[in-house]
Amino acid sequence: MAVERVATGFRWAEGPVYFAAGRYVLFSDIPNNRIMRFCEDDGHLSVYRQPSMNSNGNTIDREGRLITCEHSGRRVTRTELDGSITIIADKYNGKRLNSPNDAVVTADGAIWFTDPAYGIGGFYEGIKAEPEQDKKNVYRVDPKSGEVKVVVDDFVEPNGLAISPDEKKLYVCDTGFTDGPDNPSHIRVFDLDVAAGKVSNSKVFADMPKPGITDGVRCDTEGRVWCSVGWGDPNEDGVRCYTSSGELLGKIHIPETVANLCFGGQQRNRLYICGSTSLYAVYTSVQGAMKP
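J.: For this particular structure, what's the right way to read the pairing of strand 7 (residues 66-70)?
T.: Where a strand is regular, its side chains alternate between the two sheet faces. Counted residue by residue, strand 7 has five buried out of five residues, so it is predominantly covered. Because side chains alternate across strand 7, one face comprises the buried residues Leu66, Thr68 and Glu70, and the other comprises Ile67 and Cys69, equally buried. Pairing geometry for strand 6 (residues 55-60) and strand 7, over four bridges, is antiparallel. Residue pairing across strands places Ile60 opposite Leu66, the latter belonging to strand 7. Hairpin connection from strand 6 to strand 7: five residues lie between these consecutive antiparallel strands, with Gly64 at a positive phi of about 80°. The hairpin turn running from strand 7 into strand 8 (residues 75-79), its antiparallel successor, is four residues long, and Arg74 in that turn takes a positive phi close to 50°.

And the structure:
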């Protein structure tokens with residue numbers, strides 16, 4: 001189960017999502033303003049979309065459609081099966097979002113996404129602008145009405161997020177440490193009520209070793225939590241795996257800062273890892289919880 005570098009040549013690889021129907025991984029190359037596609041059947045790498053509005057996080061809904069968080073678009077979009085693009089969310093209370101970062105879709109079709117300010121902080125990962133939202137929130141888009149609501153409003157910088165396979169837990173990374181040394185670098189966990197569209201009982205699930213942060217997170221079918229680590233001690237660069245109770249099980253070392261990850265492969269047992277300039281892959285002994 002050696003780690004392989006399966007593709008390289010990117011400026012900042014992020015937001016991987018696996019499409020089982022086509023056996024490919026899509027991921028963002030944010031500064032290059034493009035979404036890349038890696039085909040696992042023959043190893044072919046190609047540009048899926050350029051410009052991508054400085055896309056960051058990607059996920060897939062239950063109809064097999066791509067959901068994308070866009071920095072310079074300051075919006076969440078859905079790519080329809082015919083290739084057209086539908087805007088899912090670009091405003092809240094009549095004001096533009098900051099720069100949507102990552103998204104997940106629950107079984108009822110609701111889209112949950114984070115909205116930190118990284119994409120409007122400069123011109124490298126988006127377009128520099130002043131934030132219009134007072135806070136950096138976690139939002140939910142209602143699957144029927146399309147209404148955008150705040151579900152959590154006390155993050156410093158909400159980042160990657162994931163839902164447990166039983167849809168009873170929501171995990172959200174807070175990378176607020178990038179804004180100041182006293183800010184958090186951890187994963188929070190909430191009790192999730194999908195039917196009500198609400199979360200409760202927030203607590204810290206796992207602290208990261210500062211100055212490192214965790215940017216992306218995924219779960220496997222047994223409820224273990226896999227997260228990225230980077231920006232700190234090079235010996236910590238890579239992936240961490242925790243039990244559902246927050247106990248650190250192990251680490252996968254990667255020679256670059258890791259931003260995000262996803263499970264893929266025909267058996268959902270191949271972990272794809274976005275490590276700065278490269279896409280890495282490793283076969284694991286678990287299966288990713290790609291759907292609850």
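J.: Just to check I follow, could you spell out the sheet that holds strand 8 for this structure?
T.: The strands making up a sheet associate through backbone hydrogen bonding, with each pair oriented either parallel or antiparallel. The antiparallel open sheet is built from four strands, whose spatial order is 6-7-8-9. Each having just a single partner strand, strand 6 and strand 9 (85-89) make up the two edges of the open sheet. In this sheet, adjacent strand axes meet at a mean angle of 25° when their direction is disregarded. Bridging between strand 7 and strand 8 involves five bridges; their strand directions are antiparallel. If you follow Cys69 over to strand 8, its bridge partner there is Val76.

J.: What should I look at first to understand unusual backbone geometry in this one?
T.: Outside of glycine, negative phi angles account for most residues, and trans bonds account for most peptide bonds. Note that the residue after Gln50, namely Pro51, is joined by a cis bond; omega there is 0°. Here Pro51 lies in the loop between strand 5 (45-49) and strand 6. Note the cis peptide between Lys210 and Pro211, where omega equals 10°. Relative to the assigned elements, Pro211 resides in the loop between strand 19 (198-207) and strand 20 (217-219). Notably, Asn33 is not glycine yet its phi reads approximately 55°, a positive angle. By the secondary structure assignment, Asn33 is in the loop between strand 3 (24-29) and strand 4 (34-39).

Quick notes on the rules
Residues numbered from 1 in each chain as written. Predicted model: local features only at pLDDT ≥ 70, side-chain atom pairs only at ≥ 80, totals over all residues. Heavy atoms only, no water. Buried < 20%, exposed > 50% of the residue type's maximum accessible area, 1.4 Å probe, protein only. Helix = DSSP H or I, 4+ residues; strand = E, 2+ residues; numbered from the N terminus. Pairing = 2+ DSSP bridges. Axes fitted to C-alpha atoms, helices over the stretch in contact; angles between N-to-C directions.

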